[in-house]
Number of protein chains: 2
Amino acid sequence: MSEKSDIDALIDLMARLPGLGPRSARRAVLHLIRKRGPLLTPLAELMGRVAETARECLNCGNVGTSDICAICNDEARATGVLCVVEDVADLWAMERSGTFRGRYHVLGGTLSALDAIGPDELRIPRLVDRVTAEGVEEVILALNATVDGQTTAHYIADLLRDRVALSSLAQGVPIGGELDYLDDGTITAALTARKRL
Amino acid sequence: MSEKSDIDALIDLMARLPGLGPRSARRAVLHLIRKRGPLLTPLAELMGRVAETARECLNCGNVGTSDICAICNDEARATGVLCVVEDVADLWAMERSGTFRGRYHVLGGTLSALDAIGPDELRIPRLVDRVTAEGVEEVILALNATVDGQTTAHYIADLLRDRVALSSLAQGVPIGGELDYLDDGTITAALTARKRL
Ligand SMILES: [Zn+2]
Ligand SMILES: [Zn+2]
């Protein structure tokens, strides 16, 4: 069925998205074809536009459509407090909670001996630079409550201990839990009750 | 964050796909942005192309990129046997089993008193036309083993009983099961052991 190849190729690509397998990719593609006007066409256009414009913020690692992201560019946000997160999904989760009005630093992962990920594979050197350059007074380590997340938090705390106040999300983050799974209220509680290290 | 609006809009559209909620849509979009070259750009292009070219086969209701689909156009496939399925996902499931070498007729749903779906809302009139026009000798009713599926099968059987041999998938289709969830072997077994009505 050579004439079906675009549809088959679309199913194959969709099946590579996290959360979709071959079967749900087929369902999704049939749904897209049925909803061509309201869904498939705008989705194709948006994806094309995002493919052209999306980039990582050179300052913090957030995802946006300019070299410096909207949060880094927002003069209303406090420059003295940096919230360090593992990835952009965690930054989005923090933003949904609406509590934090400082700026972020996205590490791009955690230290991992197993995967040979050291500080230079993450945005840790850049974090140290920012602490100096932006006159940061407090760094909130909002890393996941996993072994690698906490190892990374300790590593960064050791690096910065003499230069800034350090805190970590405390109350409400369950053992082994990941930020992006928490409800906004839990994140707000954890942030409000953050403890000094 | 107005500059993020394309990304936000993309997340909103992705969340409307079956099988994806807001959270998995966010994960998927971050994954797409990270895999821009190998995934996001080709996906945007394919979606655009499929949005322009995909259409329902005027003959059988299958999805393809021409007015008459590849299966209907395939002269190697038997014209004397029609396999009636509820939707295109079921047709694809039949094709994956690789057993059936006749042609299909996609109803586009099932009769449903509750949803006010009668024969004219489905491709049932067109099925009756095809039986005559294509000299069909056997109709296999491969409908789901649900109440609505079996109601529809009986309705079609009553319509066609005097004109063609009728059979239904028998062995292996579990009670309440849907074709698209079955493994290929089960579909093959059910097709091979189909029983005359
Ligand atoms: Zn930024
Ligand atoms: Zn066809």
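An unreviewed UniProt entry lists chain A under the name Recombination protein RecR, with Roseivivax isoporae LMG 25204 given as the organism. Looking at chain A in UniProt, the text filed under Sequence similarities (unreviewed entry) is "Belongs to the RecR family." In UniProt, chain A has this text filed under Function (unreviewed entry): "May play a role in DNA repair. It seems to be involved in an RecBC-independent recombinational process of DNA repair. It may act with RecF and RecO."

Before going further, it helps to examine the coordination of the zinc ion (ligand 1). Residues and elements named next belong to chain A. Every protein donor of the zinc ion (ligand 1) is accounted for by Cys 57 (SG), Cys 60 (SG), Cys 69 (SG) and Cys 72 (SG), and the metal-donor separations fall at 2.3 to 2.4 Å. Along the chain, the residues donating to the zinc ion (ligand 1) fall in the pattern C-x2-C-x8-C-x2-C. With Cys 57 in the loop between β1 (55–56) and β2 (63–64) and Cys 69 in the loop between β2 and α4 (70–73), this pair connects stretches of sequence that are 12 residues apart.

What follows covers the coordination of the zinc ion (ligand 2). All names here are of chain B. Of the protein atoms, only Cys 57 (SG), Cys 60 (SG), Cys 69 (SG) and Cys 72 (SG) coordinate the zinc ion (ligand 2), at distances of 2.3 Å. If you look at the zinc ion (ligand 2), its 4 donor atoms make angles of 105 to 114 degrees with each other, and the shape they trace is tetrahedral. Mapping the donors of the zinc ion (ligand 2) onto the primary sequence gives the spacing C-x2-C-x8-C-x2-C. One end of the pair, Cys 57, is in the loop between β1 (55–56) and β2 (63–64); the other, Cys 72, is in helix α4 (residues 70–73), with 15 residues separating them in the sequence. You can call Cys 72 buried: its relative accessible area is 8%.

With that out of the way, let us pick up the layout of surface pockets. Here the largest pocket is characterised by a volume of approximately 390 Å³. Considering the residues around the largest pocket, the lining is formed by 23 residues, among which A:Glu86, A:Asp87, A:Val88, A:Gly108 and B:Arg34 are closest to the centre. Within the residue set of the lining of the largest pocket, elements represented by two or more residues are β1 and α5 (88–97) of chain A together with α2 (22–34) of chain B. Ranked by residues supplied to the lining of the largest pocket, first place goes to α2(B) with 5 residues.

All right, on to the pattern of salt bridges then. Between side chains of opposite charge, pairing is possible as soon as their charged atoms come close. Within the structure shown, the criterion is met by 12 salt bridges over all chains. With a closest N to O distance of 3.0 Å, A:Arg49 and B:Asp6 form a salt bridge. Of this pair, A:Arg49 sits in helix α3 (residues 36–53) while B:Asp6 sits in helix α1 (residues 5–14), each in a different chain. Taking the shortest distance from any N to any O, the salt bridge between A:Arg130 and A:Glu134 comes out at 2.7 Å. Its relative accessible area of 1% is what places A:Arg130 among the buried residues. For A:Glu134, a relative accessible area of 22% puts it in the partly exposed group.

Another point: the packing of aromatic side chains. Residues and elements named next belong to chain A. A complete count under the given rule lists 2 aromatic pairs over all chains for this structure. Judged by centre distance (5.2 Å) and plane angle (65 degrees), the rings of Phe 100 and Tyr 104 are edge-to-face. The buried category is assigned to Phe 100, whose relative accessible area is 7%.

Once that is clear, we can look at the relation of the copies chain B and chain A. Mapping chain B onto chain A leaves a residual RMSD of 0.0 Å; the transformation is a rotation of 180 degrees accompanied by 0.0 Å of translation along its axis. Here the symmetry operator amounts to a two-fold rotation axis. The C-alpha atom lying nearest the rotation axis in chain B is that of B:Ala44; the distance is 2.3 Å. Counting the interface residues of chain B, we find that 100% of their copies in chain A are interface residues as well, pointing to one common contact surface.

So, on to α2(B). With 13 residues, α2(B) extends 18 Å from end C-alpha to end C-alpha; this agrees with the ideal 18 Å at 1.5 Å per step. Listing the buried residues of α2(B) in full gives B:Ala25, B:Arg26, B:Ala28, B:Val29, B:Leu30, B:Leu32 and B:Ile33.

All names here are of chain A. Look at Ala 116: it is not a glycine, yet its phi comes out positive at around 55 degrees. By the element assignment, Ala 116 lies in the loop between β4 (103–106) and α6 (124–133). Its relative accessible area of 59% is what places Ala 116 among the exposed residues.

Here is what the cut-offs are and how they apply
Residues numbered from 1 in each chain as written. Chains lettered and ligands numbered in written order. Predicted model: local features only at pLDDT ≥ 70, side-chain atom pairs only at ≥ 80, totals over all residues. Heavy atoms only, no water. UniProt positions renumbered as here; feature names shortened; annotations may be inferred. Donors = N, O, S within 2.8 Å, 3.2 Å for Na, K, Ca; no water. Helix = DSSP H or I, 4+ residues; strand = E, 2+ residues; numbered from the N terminus. Tetrahedral: all angles 85-135°; square planar, octahedral: opposite > 155°, others 65-115°. Buried < 20%, exposed > 50% of the residue type's maximum accessible area, 1.4 Å probe, protein only. 1 Å grid on protein atoms, 1.4 Å probe; cavity = no way out; pocket = protein on both sides within 12 Å on 5 of 7 lines; lining within 4 Å. Points joined across faces, edges and corners; volume = space filled by probe spheres on them. Salt bridge = Lys/Arg side-chain N within 4 Å of Asp/Glu carboxyl O. Phe/Tyr/Trp six-rings, centres within 6.5 Å; stacked < 30°, edge-to-face > 60°. Least-squares fit on C-alpha atoms with pLDDT ≥ 70 in both. Contact = heavy atoms within 4.5 Å. Expected span 1.5 Å × (residues − 1).

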